[in-house]
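Residues per chain, in single letters:
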Amino acid sequence: MRFADATTADFPSFENKPLNPNLCEPRKVNFQFDNIPKLWLNNNSALTHFFNAMNLFLPAFEGFMVRAMKNQLPCIKNTELELPIRGFIKQEATHGQTHQKYNKILEDQSYKFKTALKIADFLFIEVLEKYLSPKMCLALIAGFENMTTIMSYIVLKSNMLVTAHPTMRSLWQWHSVEEIEHSGLAFKFLIHVDNRYWMRVLGGLLGTVMVVGGIIIGMVLLIIQDQSLTSKKTFNDLIKFLFTEYKFIPLTLKNLIPYFQVNFSPQSENLYQYAEKVFLNI
Ligand SMILES: [Fe+2]
Ligand SMILES: [Fe+2]
């Protein structure tokens, strides 16, 4: 199913501003989440709820990242790094606010998830921020960001949003573009402050488990409420997404493993082409 295009060149959902990884300035946004159907991606429950599951927890993840990175800003002794990191923090703040707005739409669509979000906020604010050292928080953020970069690359390269509702396509294109624009920065921030290998590995492992865990919990929560958990179509769509058509699991594993090598260095430049392509089509 194709949806009528809700945006125009004069009134786009996000600002058409070319990539500039040296600044990472946030783009202006204008998302109008009116009349979004429950299954907004090709009537596909598995794919729609993959994105919706991320949407649920992104305000909690991104709020944590903003607070923890702001806290560590005085440790940056290099203006070449400080400038894009400040932009990166602003981008994540805008992402969190925008996904918060869409969570209200999910609530209006009768999904129940407030308890899950309260648990997530408790985990970040009362546990991780209180008991992890500021450096370990940065290592965790570098792990989250490694995952969001990989997922943004898969989403943009695969064109999996092509048949999505236009506003939702724009939402995830915009977020993926900015994730690629600021990719590698959290890693550079961590290495600048503390370059011990074990810390990066521990943050990478914990960050990966938390991102994957959040997506699985969110998907199960939403798919159960759609009563499509046991449907054959959902099962087939899930297999296509994870293994056969979009190959989400093998591609994630392939791109995740290098992060744990001793001499890892982010190769963001190789990804810019996928983000730049988005601006040619809006
Ligand atoms: Fe983000
Ligand atoms: Fe990010």
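It should be noted that the structure appears before, not after, this text.
Residues numbered from 1 in each chain as written. Chains lettered and ligands numbered in written order. Predicted model: local features only at pLDDT ≥ 70, side-chain atom pairs only at ≥ 80, totals over all residues. Heavy atoms only, no water.

S.K.: Looking at this structure, how should I read the overall build of the chain?
M.R.: Secondary structure summary: the chain contains ten helices and zero strands in total. Across the chain, helices and strands are ordered from the amino to the carboxyl terminus as α-α-α-α-α-α-α-α-α-α. A compact globule built from 282 residues would reach a C-alpha radius of gyration of about 19 Å, and the chain, at 18 Å, matches this within 12%. Along the three orthogonal principal directions, the C-alpha set of the chain runs to about 50 × 40 × 35 Å. Counting every position in the chain, which comprises 282 residues, the buried fraction comes to 52%. Residue pairs at least 24 apart in sequence account for 82% of intrachain contacts in the chain once pairs closer than 6 positions are excluded. Distance between charge centres in the chain, computed from 28 positive and 24 negative side chains, equals 4 Å. (Helix = DSSP H or I, 4+ residues; strand = E, 2+ residues; numbered from the N terminus. Rg over C-alpha atoms; globule rule 2.2 N^0.38 Å. Buried < 20%, exposed > 50% of the residue type's maximum accessible area, 1.4 Å probe, protein only. Contact = heavy atoms within 4.5 Å. Lys, Arg positive; Asp, Glu negative; His and termini not counted. Charge placed at Lys NZ, Arg CZ, Asp CG, Glu CD.)

S.K.: Whenever I open this one, helix 8 (residues 232-244) confuses me. Can you help?
M.R.: Because an α-helix packs 3.6 residues into every turn, residues spaced three or four apart end up facing the same way. Here helix 8 has its buried residues at Thr234, Asp237, Phe241 and Leu242. Seen end-on, helix 8 carries its buried residues on one side only, within an arc spanning 120 degrees. Away from the buried face of helix 8 by more than 90 degrees, exposed residues Lys232 and Phe235 are located. Here the buried face of helix 8 lies against helix 1 (45-72), helix 7 (197-225) and helix 9 (248-256). (Arc of directions from axis to C-beta.)

S.K.: How should I be thinking about the coordination of the iron ion (ligand 1) in this particular structure?
M.R.: Ideal geometry at a metal centre gives angles of 109.5 degrees when four donors are arranged tetrahedrally and 90 or 180 degrees when six donors are arranged octahedrally. The iron ion (ligand 1) binds to the protein through Glu62 (OE), Glu92 (OE), His95 (ND1), His175 (NE2) and Glu179 (OE), with metal-donor distances spanning 2.1 to 2.3 Å. Written as a sequence motif, the donor arrangement for the iron ion (ligand 1) is E-x29-E-x2-H-x79-H-x3-E. Separating the iron ion (ligand 1) from the iron ion (ligand 2) is a distance of 3.6 Å, and Glu92 supplies a donor atom to each of them. Pair noted here: Glu62 is in helix 1 and His95 is in helix 2 (residues 79-108), with a separation of 33 residues, a long-range link. You can call His95 buried: its relative accessible area is 0%. (Donors = N, O, S within 2.8 Å, 3.2 Å for Na, K, Ca; no water.)

S.K.: Teacher, can you tell me more about the state of the cysteines here?
M.R.: Counting across every chain of the model gives zero disulfides. Unpaired in this structure, Cys75 has its nearest cysteine sulfur neighbour in Cys137, at a distance of 12 Å. Classification of Cys137 by relative accessible area gives buried; the value is 5%. (Disulfide = S-S within 2.5 Å.)

S.K.: What am I meant to see in the coordination of the iron ion (ligand 2) here?
M.R.: The coordination sphere of the iron ion (ligand 2), as far as protein atoms go, consists of Glu92 (OE), Glu145 (OE), Glu145 (OE), Glu179 (OE), Glu179 (OE) and His182 (NE2), spread over 1.8 to 2.6 Å. Coordination at the iron ion (ligand 2) is irregular: its six donor atoms span angles of 53 to 150 degrees at the metal. If you list the donors of the iron ion (ligand 2) from N- to C-terminus, the spacing comes out as E-x52-E-x33-E-x2-H. (Tetrahedral: all angles 85-135°; square planar, octahedral: opposite > 155°, others 65-115°.)

S.K.: How do you make sense of the environment of Met65 when you look at a structure like this?
M.R.: For Met65, the position within the fold is in helix 1. Counting along the chain gives 189 residues from Met65 to Lys254, while the straight-line C-alpha distance between them is 25 Å. Once residues lying within four places of it in the same chain are set aside, the contact partners of Met65 are Glu92, Ile141, Phe144 and Glu145.

S.K.: Help me understand the pattern of salt bridges, please; the structure alone is not making it clear to me.
M.R.: In a structure, side chains of opposite charge can pair up when their charged atoms sit close to one another. One pass over the structure, following the stated rule, counts ten salt bridges. As a salt-bridge pair, Arg86 and Glu82 come within 2.9 Å of each other at their nearest N and O atoms. Here Arg86 pairs with Glu82, and both are found in helix 2, just four residues apart, close to one helical turn. Judged by relative accessible area, Arg86 falls into the partly exposed class, the value being 40%. A relative accessible area of 22% means that Glu82 is categorised as partly exposed. Shared partners join several salt bridges into a network, and the residues in it are Arg27, Glu178 and Glu181. (Salt bridge = Lys/Arg side-chain N within 4 Å of Asp/Glu carboxyl O.)

S.K.: Teacher, can you tell me more about the packing of aromatic side chains here?
M.R.: Each aromatic ring pair is characterised by the separation of its centres together with the angle its planes make. Counted according to the given criterion, the structure contains 20 aromatic pairs. Centroid distance Phe31 to Phe33: 5.8 Å. Interplanar angle 5 degrees. Geometry classified as stacked. Judged by relative accessible area, Phe31 falls into the buried class, the value being 2%. Since its relative accessible area comes to 6%, Phe33 is described here as buried. (Phe/Tyr/Trp six-rings, centres within 6.5 Å; stacked < 30°, edge-to-face > 60°.)

S.K.: Even after reading the chapter, I still don't get unusual backbone geometry, so can you show me in this structure?
M.R.: Phi is mostly negative for residues that are not glycine, and the peptide bonds are mostly trans. A positive phi angle, close to 50 degrees, is found at Cys24, a residue other than glycine. The backbone phi angle of Asn43 is positive, close to 55 degrees, even though this residue is not glycine. By the secondary structure assignment, Asn43 is in the segment before helix 1.

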